[in-house]
Amino acid sequence: MTKTCIDHLAILGGKAEFDQPLHVGRPNLGSRDQLFARLAELLERKWLTNNGPLVQEFEQRLAARIGVKHCVAVCNGTAALEIGARALGLAGEVIVPAFTFVATPHALTWQGLTPRFCDVDPRTHCLSAGMVEAHVGERTSGIVGVHLWGRPCDVDALQDLARRRRLKLLFDASHAFACTHGGRCIGGFGDAEVFSFHATKVLNSGEGGAVATNDDALAQRLRLLRNFGFAGYDTVVHLGINGKMSELAAALGLTNLESLDAFVAANRRNFEAYRAGLAGLPGITLIAHDQRERHNYQYVVVEVDAAKAGIDRDLLVDVLWKENVLARRYFYPGCHRMEPYRSLDPAAAQSLPVTDRLAERVLVLPTGTDLDVDDVGRVCSLIALVLGHGSALRARLGPRADDL
Ligand code: T4K
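All values derive from a computational prediction rather than experimental measurement.

1. Comments concerning the overall build of the chain
Reasoning step 1: Per the secondary structure count, the chain includes 16 helices and 14 strands.
Reasoning step 2: For the chain, the C-alpha atoms occupy an extent of roughly 75 × 55 × 40 Å along the three principal directions.
Reasoning step 3: Look at the contacts in the chain between residues 6 or more apart in sequence, and 71% of them connect residues 24 or more apart.
Reasoning step 4: Approximately 17400 Å² of the chain is accessible, and the part contributed by carbon and sulfur atoms is 52%.

2. A few points about the sheet that holds strand β12 (residues 300-304)
Hydrogen bonding along the main chain pairs the strands of a sheet, whether they run parallel or antiparallel.
Reasoning step 1: Strand order in the open sheet formed by three strands is β11-β12-β14, and the pairing between neighbours is antiparallel. Only two strands of the sheet have a single neighbouring strand rather than two, namely β11 (284-286) and β14 (362-365). Taking the axes of each pair of neighbouring strands and ignoring which way they run, one obtains an average angle of 30° across the sheet.
Reasoning step 2: Of the strand pairs in this sheet, β12 and β14 are connected by four bridges, and their pairing is antiparallel. Directly across from E303, in β14, lies its bridge partner V362.
Reasoning step 3: The sheet contacts of helix α10 (residues 260-278) involve β11, β12 and β14, and relative to β11 the element is tilted by about 155°.

3. Here we look at the site of the ligand
Reasoning step 1: Around the ligand sit 26 residues, and of these R26, T78, D172, H175 and Y330 come closest.
Reasoning step 2: Take H23: an N or O atom from its side chain is 3.2 Å from an oxygen atom of the ligand.
Reasoning step 3: Between Y330 and the ligand, the recorded distance is 2.5 Å, taken from a side-chain N or O atom to an oxygen atom.
Reasoning step 4: Considering the ligand on its own, with 920 Å² of exposed area, one finds that the protein chains cover 76% of that surface.
Reasoning step 5: Spatially, the ligand is embedded in the largest pocket.
Reasoning step 6: When residues of the shell around the ligand are traced back to their parent elements, those giving at least two are α4 (77-87) and α5 (103-110).
Reasoning step 7: Residues that form the shell around the ligand fall into these classes: nine nonpolar, 13 polar and four charged.

4. Focus on the domain arrangement of the chain
Reasoning step 1: We note that the domain assignment places domain 1 (6-26 + 260-327 + 366-397) and domain 2 (32-257) within the chain.
Reasoning step 2: Each of domain 1 and domain 2 was reduced to a C-alpha centroid, and the two centroids are 30 Å apart.
Reasoning step 3: With 17 residues of domain 1 in contact, the opposing surface of domain 2 contributes 24 residues.
Reasoning step 4: Ranking the residues of domain 1 by area buried against domain 2 places L260, R294 and Y299 at the top, with a combined share of 36%.

5. Quick word on helix α15 (residues 373-386)
An α-helix turns once per 3.6 residues; consequently, residues spaced three or four apart project the same way.
Reasoning step 1: In a regular helix each residue adds 1.5 Å, so 14 residues correspond to 20 Å; α15 covers 20 Å between its end C-alpha atoms and thus fits that length.
Reasoning step 2: Taken as a whole, α15 has its buried residues at D375, V376, V379, C380, L382, I383, L385 and V386.
Reasoning step 3: Put simply, D372 is the residue that caps the front of α15, since its side-chain oxygen is 3.1 Å from the backbone nitrogen of D374.
Reasoning step 4: Where α15 terminates, the next one or two residues include G388, which has phi positive at roughly 85°.

6. Notes on the side chain of D314
Reasoning step 1: Looking at where D314 falls in the secondary structure, it is placed in helix α12 (residues 313-322).
Reasoning step 2: Here D314 is in contact with R329 and R400, once residues within four sequence places are set aside.

7. Thoughts on the layout of surface pockets
Reasoning step 1: Considered as a void within the structure, the largest pocket measures approximately 500 Å³ in volume.
Reasoning step 2: As for the largest pocket, its lining consists of 32 residues, of which S196, H198, T200, K201 and Y299 are closest to the centre.
Reasoning step 3: Element by element, the count of residues in the lining of the largest pocket is highest for α4, at three residues.
Reasoning step 4: Within the lining of the largest pocket, the residues separate by chemical class into ten nonpolar, 17 polar and five charged.
Reasoning step 5: Quantified by volume, the second largest pocket comes out at close to 410 Å³.

8. Quick notes on the pairing of strand β2 (residues 70-74)
Reasoning step 1: Where burial is concerned, most of β2 is hidden: five out of the five residues are buried.
Reasoning step 2: Covered by surrounding structure in β2 are H70, V72 and V74 together with C71 and A73, the residues of both alternating faces.
Reasoning step 3: Bridge count for β2 against strand β10 (residues 209-213) is five bridges, and the pairing is antiparallel. Looking at β10, one finds that H70 is bridged to T213.

The rules behind each value
- All residue numbers refer to positions counted from 1 along the written sequence of the respective chain.
- Two thresholds apply to this predicted model, a pLDDT of at least 70 for residue-level local features and 80 or more for giving and counting side-chain atom pairs, whereas whole-chain, interface and lining totals are computed over all residues.
- Side-chain measures were taken over the full set of non-hydrogen atoms in the model, leaving aside hydrogen atoms and water.
- Helical segments are the DSSP runs of H or I of at least four residues, strand segments are the runs of E of at least two, and each set is numbered from the N terminus.
- Contact between two residues is taken to exist if any of their heavy atoms lie within 4.5 Å; hydrogens are not considered.
- Areas reported here follow the Shrake-Rupley algorithm with a probe of radius 1.4 Å; residue values treat only the protein chains shown as occluding.
- Two strands pair under a simple rule: DSSP has to find at least two bridges between them.
- Throughout, an axis means a line fitted to C-alpha atoms (over the contacting stretch in the case of helices), and angles, computed between N-to-C directions, take values from 0 to 180 degrees.
- Working definition: residue near molecule or strand if any one of its non-hydrogen atoms lies within 4 Å of it.
- Identification of polar contacts relies on pairs of N or O atoms within 3.5 Å, with a donor-acceptor requirement for protein atoms, meaning one able to donate a hydrogen and the other able to accept it, and with residues adjacent in sequence counted only if both atoms are side-chain atoms.
- A cavity here means a set of 1 Å grid points, computed over protein atoms only, where a 1.4 Å probe fits but cannot escape. A pocket is an open set with protein on both sides within 12 Å along at least 5 of 7 lines, and lining residues have an atom within 4 Å of a point.
- Those molecules having more than half of their atoms within 2 Å of a cavity or pocket grid point set are described as sitting in that cavity or pocket.
- Lys, Arg, Asp and Glu make up the charged group, whereas Ala, Val, Leu, Ile, Met, Phe, Trp, Tyr, Cys and Pro make up the nonpolar group; the residues left over, Gly among them, are polar.
- In this document the domain limits rely on a domain assignment from an automatic tool or a database.
- Once two parts are brought into contact, the accessible area they lose, counted with a 1.4 Å probe and summed over both, makes up the buried area.
- The span one expects for a helix is its residue count, reduced by one, times 1.5 Å.
- Here's how the labels work: a residue is buried when its accessible area is under 20% of the maximum for its type, exposed when over 50%, partly exposed in between, all with a 1.4 Å probe on protein chains only.
- Grid points are joined across faces, edges and corners, and a volume is the space filled by probe spheres set on the points.

Below, the structure written as structure tokens:
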């Protein structure tokens with residue numbers, strides 16, 4: 001690649017490659033007609049929240065889709081984690097990865113728990129049971145494993161560890177709706193699993209979440225907790241909260257659920273186009289998925305090895321943003337380097353080398369129903385164009401200024 005080529009980059013004053021921004025996390029949307037029909041019905045019914053018929057239908061259809069007995073819908077994934085943690089009776093310390101969205105430890109901290117950060121496996125980006133066991137101490141009451149990027153963490157070994165050490169096991173499955181482990185849908189593992197239906201997720205209800213479980217008593221507790229602890233009109237039996245999903249959210253969730261297979265197909269098509277377009281590029285590794293399992297392909301995740309790529313991850317992100325490709329540095333810089341965790345446990349970083357390494361190298365690229373394979377091909381060509389030009393670009397741009 002010659003220097004003349006990079007002179008055309010928008011970051012050096014040229015025209016952006018894309019007229020419209022390509023986002024990570026652009027919402028996938030199902031049939032507008034179906035959505036409007038549901039909204040018309042709910043307006044007619046004048047039942048907007050408090051366990052309405054659409055929320056109940058959404059819960060039943062979610063449970064059927066993933067093959068669990070109970071799916072308790074709530075207002076977002078963070079609340080689902082909080083309600084799940086409380087319903088399980090977690091106390092003291094909970095082992096959790098630092099390489100996750102900050103909602104995972106935040107939800108625990110809001111419940112008065114202490115997240116104990118554990119490093120992740122460099123191959124899976126998730127917790128492994130061996131690493132977790134080394135962190136189990138007297139105050140440990142549970143583990144929150146995160147199925148990062150929709151790839152299941154060490155599910156079987158973690159279940160075994162939790163059983164042996166009498167710990168509760170909750171999975172943050174926010175990324176993993178419609179993914180499988182051992183051919184079984186994520187949702188039925190551990191004591192419970194939590195989903196997010198945020199706008200950016202493969203299945204969205206705008207804001208929304210759910211706790212899935214096969215445990216009848218736990219499901220009953222979850223339902224009480226999300227509704228102030230009410231067990232009847234005047235009887236409160238738990239310290240509950242308002243974690244309810246609205247009927248409007250359920251209308252969107254139900255409508256989008258009907259198109260989920262099409263969303264996954266679009267993601268998969270884009271993923272394959274990325275795989276072809278990035279193949280052989282030095283220092284660029286697209287993280288793969290187990291071909292024996294089903295996957296939602298909602299995150300296209302790349303690791304950048306600056307020494308081989310000739311450009312570091314952050315400069316590559318800067319270039320992509322200037323070209324209107326709004327790639328993200330998820331989950332930089334790692335929860336242990338964010339407040340309040342950084343101040344509470346400044347030494348944590350010393351035991352999280354894989355997390356630190358991934359936080360410096362990982363890049364998430366746009367996908368979803370808004371992109372087609374032509375867009376993906378152009379993103380890949382752009383990446384190919386700038387590889388090897390890191391020092392020339394950095395010299396002409398000066399030091400990195402703003403946090404993206
Ligand atoms: N656990 C894990 C492992 C999670 O990843 C998350 C959420 C949670 C728990 C908590 O679940 P929730 O309580 O959120 O249900 C976004 C999402 O807000 C967050 O839900 C998600 N993880 C996280 C990975 O991504 P930000 O801070 O990156 O959001 P933002 O506003 O920068 O938007 C991301 C991208 O999506 C942008 O490119 C713009 C685009 N976007 C966003 C929205 C809201 C749209 O195009 N349309 C939209 O409506 O956190």
